[in-house]
Amino acid sequence: MPAALPKLPTSIVGSLPQPDWLIDRQKLAGQFPPRVRARELWRVPPEFLAEAQDDATLVAIRSQEEAGLDILTDGEIRRESYSNHFATALAGVDIDRPGTVLNRSGRPIPVPRVVGDITRRGPIQADDVRFLRAHTDRAVKITVPGPFTMAQQAQNDHYPDDRALALAYAEVVRAEIADLFAAGADIVQIDEPWLQARPDVARKYGAEVVTRALEGAPGPTALHLCFGYAAMVSERPEGYSFLPELADTPAGTISVETAQSHLDPTTLRPLRGKGIALGVLDLSTPEVETPEVVADRVRRALDDVDVDRLVLTSDCGLKYLPRESAVGKMRALALAAEALRAELF
């Protein structure tokens, strides 16, 4: 079992940069995160890909340990995007003849086309958790795309309406969460950026489907809400359009970004009963912040959150940063946490 977490534990939202020898990072950066499969991104032949992904995942684990983080992810190294790895593994979707939706920037993109009941053929990421658990003695977190986001990233040709589709995704996410804890996860995080991107729809049933997905989870859960990858979405609004609505959901921790957006921390007050994973690494620039800059970003929020349940993290995934920048930012985060623990406790 991992040791007890310190105050102000540190983590990343989920993803780390994949090595250039594993994936074509130039192609990856030249398109929005794919919603259907994008096998052409991988540099390694299919017969060697799983082994190569394991090797790169080990590098991701060690980089987090060496940086001093307390809660580790697998870096999402095996994924072409945060969502398509899971969404395209489900039954009931046609990925060979995809549909189309508008992405967060209003551009049409290919997406899974739902043609039957959404079900799992079996656990999808349990082996990923087992691999991560076997290679570190620290706490581990695994991420899953949330049901609202997956429903927004699919063309519905089967269910009577989009709410029914989202609830179907919620059922498979709930089953997956149970399997991930059984496989050794200490924390399971669902990623729901489209709650922010589609607030009018989210207010109709977003909290309902999140609740359905997280109800009865056998361990601690988190929900990540963001404005999109900094590499893809440069403009940040002044605040979240969907945040207080999460107060009554079962998510134990809400993960938000504050560094690039300069989020007013008072907007977090409606979530006082929950843990907050505070994004304090700005991913819009490869420049590595000093630990003091990171610590200052934390200090400005201390009056508006429950400090005993505060986690320090990145704004979003580090996937599109240069690898050396990601390493430096993680180390700055860990050093900032050390300084703040000495100051506050």
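A quick note: this is a predicted structure, and the numbers were derived from the prediction, not measured. (Residues numbered from 1 in each chain as written. Predicted model: local features only at pLDDT ≥ 70, side-chain atom pairs only at ≥ 80, totals over all residues. Heavy atoms only, no water.)

**Student:** Is there a simple way to explain the packing of helix α6 (residues 162–182) against helix α8 (residues 199–214) in this structure?
**Tutor:** How two helices pack is summed up by the angle between their axes together with the distance between the axes. Where α6 meets α8, the axes come as close as 7 Å, and the angle between the chain directions of the two elements is 25 degrees. Overall, the two elements α6 and α8 adopt an arrangement that is roughly parallel. Every pair of crossing elements has a handedness; the one defined by α6 and α8 is right-handed. Mapping the contact onto sequence places Asp162, Arg163, Ala166, Leu167, Ala170, Glu171, Val173, Arg174 and Ile177 in α6 and Tyr205, Glu208, Val209, Arg212, Ala213 and Leu214 in α8. Looking at the contact of α6 with α8 residue by residue, the classes come out as nine nonpolar, no polar and six charged. (Axes fitted to C-alpha atoms, helices over the stretch in contact; angles between N-to-C directions. Helix = DSSP H or I, 4+ residues; strand = E, 2+ residues; numbered from the N terminus. Parallel < 35°, antiparallel > 145°, perpendicular 65-115°, else oblique. Left-handed = near helix turned anticlockwise from the far one by under 90°. Contact = heavy atoms within 4.5 Å. Nonpolar A, V, L, I, M, F, W, Y, C, P; charged D, E, K, R; others polar.)

**Student:** Would you take a moment to explain the nonpolar core for this structure?
**Tutor:** For soluble globular proteins, nonpolar side chains are generally found buried alongside one another. Core analysis: the biggest nonpolar cluster contains 101 residues, and Ile118 and Tyr169 have the highest contact counts within it. If you tally residues by element for this core, the top one is α6, at twelve residues. The residues contacting Tyr169, other than those within four sequence positions of it, are Leu90, Val93, Val114, Ile118, Pro147, Met150, Ala151 and Ala154. (Core = buried A, V, L, I, M, F, W, Y, C linked by side-chain atoms within 4.5 Å. Buried < 20%, exposed > 50% of the residue type's maximum accessible area, 1.4 Å probe, protein only.)

**Student:** Help me out: how do you make sense of the side chain of Ser83 in this one?
**Tutor:** Along the chain, Ser83 falls in the loop between β1 (71–72) and α3 (84–87). Using a relative accessible area of 1% as the deciding quantity, one classes Ser83 as buried. With near-sequence residues (within four places) excluded, Ser83 lies in contact with Pro34, Arg35, Pro145 and Gln153.

**Student:** How should I be thinking about the pattern of salt bridges in this particular structure?
**Tutor:** Pairing of side chains with opposite charge becomes possible as their charged atoms draw close. Applying the stated criterion across every chain yields a total of 27 salt bridges. With its nearest N and O atoms 3.4 Å apart, the salt bridge here joins Asp157 to Arg113. A residue pair is termed long-range when its members are at least 10 positions apart, and Asp157 in the loop between β5 (155–156) and α6 and Arg113 in strand β3 (residues 108–119) qualify at 44 residues. Look at Arg113 and you get buried, because its relative accessible area is 17%. Of the charged contacts, one joins Asp179 and Arg120 as a salt bridge, the two residues approaching to 2.8 Å between their closest N and O atoms. Taken together, the residues span a long stretch of sequence, with Asp179 in helix α6 and Arg120 in the loop between β3 and α4 (126–134) at a distance of 59 residues. When its relative accessible area of 24% is taken as the criterion, Asp179 is described as partly exposed. When its relative accessible area of 23% is taken as the criterion, Arg120 is described as partly exposed. (Salt bridge = Lys/Arg side-chain N within 4 Å of Asp/Glu carboxyl O.)

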